[in-house]
Amino acid sequence: MKVYADNAATTSLGEVAFAAMKPYFTEVYGNPSSLHSAGQEAKEALERARNAVAQEIGALPSEITFTSGGSEADNQAIRSVAALGAKKGKKHIISTKFEHHAVLHTLEKLEKEGFEVTLLDVHENGIVTPEQVAEAIREDTCLVTIMYANNEIGTLQPIREIGAVCREKKVYFHTDAVQAVGHVPVNVKDDNIDLLSVSGHKFHGPKGIGFLYAKRGILLSNVIEGGAQERGKRAGTENIPAIVGMAAALTEANTNLSEKMAIVSKKRDRLIAGLSEIPHGALNGDREHRVPGTVNFCFEGIEGESLLLLLDDKGICASSGSACTSGSLDPSHVLLAIGRPHEVAHGSLRLSFDENMSDEAIEYLIESVKDVVSYLRNMSPVWRDLQAGKREYIL
């Protein structure tokens, strides 16, 4: 059986999105900045897509800037607010220890430019509380940036409550919502969000396209200089096929979303129950407060890389964490942030899927992971030491 269980890394291009994109490769291919009819036809498609994605998150079309994806949107959001803060003498930023590296690396660069960054600790359940945010905000705080849903363990943060704290303290609030939009209901107004990052390929849209929501009145700094596209805030000819495809994919993803969430959550819970039967393993992150389709486990006494390779031999595509760090030999910073020790964090497995995952595939995942973990432990000198009592079990 072939099972793709790595949707958190990327999803297949949906048929609806693909169909929407086709005409803009060969028929409506004008440059939307051109004044002639071909260009204006492309411009109309661009603005229809802008209206569509804005509607899906409760924003105004004028608050949407198309980007190459979530990483660019994160960079532009954080750097823009940092620049606004610096003008007022406010150079303190709050985030968390388990953010995506698009956020963490941007913050590291800002520290070198004289900003002070506070990275909040993450509770063992993979959640940061509004109280932590409130306690960390200072007079010179210009930005709080906390992800909506964690990309490795799938935990959902109390975004609406955190946003309310920021609103009360008059501090801008940005959220990396790459793993949330299209999977759970997101409304920027209801959730008290000032800036929000989205990537199209996480909900069956094309790769290389995303958008940044910035509340009306927030002046964005340019990350890419050049032409006057995107109201002068993102230079470069807009990728009309990708933009149209993303808009179609997001509209489809949000259609009957509550029903889809219920279906996926049931499959997720069955997967968690099955994998929980493996001794000395543990679910990473809160069992309830998580996106419907992401499950992350640690298994003591094994290496995640070997686990992935053997699962691949069984036709299963999975991950040990973020695809952005798959070449790293270091354990996941997310798992370390929630308190997993290095030797356990190395034995992690992330399985992510949507409503298209069959019940048969879920059962195959459970049995395959059980088989591979048992096989690897039988070969592991660490596991032999644990069983012999020469080491103490952690999980």
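Refer to the preceding data block for the structure.
Peer 1: Sorry if this is basic, but what is going on with the overall build of the protein here?
Peer 2: Within the protein, the regular secondary structure consists of 14 helices and 12 strands. Compactness check: the protein gives a C-alpha radius of gyration of 22 Å against a globular reference of 21 Å for 395 residues, within 12% of the reference. The principal-axis extent of the C-alpha atoms belonging to the protein is close to 75 × 50 × 35 Å. By residue count, 55% of the 395 residues in the protein fall in the buried class. Residue pairs at least 24 apart in sequence account for 73% of intrachain contacts in the protein once pairs closer than 6 positions are excluded. When the accessible area of the protein is evaluated, it comes to approximately 17,100 Å², of which 51% is carbon and sulfur surface. A distance of 4 Å separates the average location of the 41 positive side-chain charges in the protein from that of its 53 negative side-chain charges.

Peer 1: Please clarify how the sheet that holds strand E9 (residues 281-283) should be interpreted in this entry.
Peer 2: Through backbone hydrogen bonds, the strands of a sheet pair up, either in parallel or in antiparallel fashion. The 3 strands lie next to each other as E9-E10-E12, forming an open sheet whose pairing is antiparallel. Edge strands, defined here as strands with exactly one partner in the open sheet, are E9 and strand E12 (348-352). Going from strand to strand, the sheet's axes swing by 20 degrees on average, the running direction of each strand aside. Against the sheet, helix H9 (residues 257-275) makes contact with E9, strand E10 (294-299) and E12, and its axis sits at roughly 5 degrees relative to E10, the strand it touches most. The sheet contacts of helix H13 (residues 359-379) involve E9, E10 and E12, and relative to E10 the element is tilted by about 20 degrees.

Peer 1: Please clarify how the nonpolar core should be interpreted in this entry.
Peer 2: Nonpolar side chains in soluble globular proteins generally cluster together in the buried interior. Ranked by size, the top nonpolar core spans 63 residues in total, and within it Ile 64, Phe 66, Val 133, Val 144, Leu 196 and Phe 211 carry the most contacts. For this core, the leading source of residues is helix H8 (residues 240-254), giving 9 residues. Excluding anything up to four places from it in sequence, Val 133 contacts Ile 94, Leu 120, Val 128, Val 144, Ile 146, Ile 162, Val 165 and Cys 166. Counting 28 residues, the second largest nonpolar core, distinct from the first, contains Ala 5, Leu 351, Ile 366 and Val 372.

Peer 1: Any chance you could explain the packing of helix H4 (residues 70-87) against helix H5 (residues 101-112) here in plain terms?
Peer 2: Think of two packed helices as two axes; the pair is described by the angle between the axes and how far apart they sit. Two elements in contact, H4 and H5, have axes whose closest approach is 9 Å; the angle formed by their N-to-C orientations is 35 degrees. Like other packed secondary-structure pairs, H4 and H5 cross with a definite hand, here right-handed. Contacts from Ser 71, Asp 74, Asn 75, Ile 78, Arg 79 and Ala 82 of H4 reach H5 at Ala 102, Val 103, Thr 106, Leu 107, Lys 109 and Leu 110. When its residues are assigned to classes, the contact of H4 with H5 shows 6 nonpolar, 3 polar and 3 charged.

Reading guide: rules and limits
Residues numbered from 1 in each chain as written. Predicted model: local features only at pLDDT ≥ 70, side-chain atom pairs only at ≥ 80, totals over all residues. Heavy atoms only, no water. Helix = DSSP H or I, 4+ residues; strand = E, 2+ residues; numbered from the N terminus. Rg over C-alpha atoms; globule rule 2.2 N^0.38 Å. Buried < 20%, exposed > 50% of the residue type's maximum accessible area, 1.4 Å probe, protein only. Contact = heavy atoms within 4.5 Å. Areas by Shrake-Rupley, 256 points an atom, 1.4 Å probe, with all protein chains shown as cover. Lys, Arg positive; Asp, Glu negative; His and termini not counted. Charge placed at Lys NZ, Arg CZ, Asp CG, Glu CD. Pairing = 2+ DSSP bridges. Axes fitted to C-alpha atoms, helices over the stretch in contact; angles between N-to-C directions. Core = buried A, V, L, I, M, F, W, Y, C linked by side-chain atoms within 4.5 Å. Left-handed = near helix turned anticlockwise from the far one by under 90°. Nonpolar A, V, L, I, M, F, W, Y, C, P; charged D, E, K, R; others polar.

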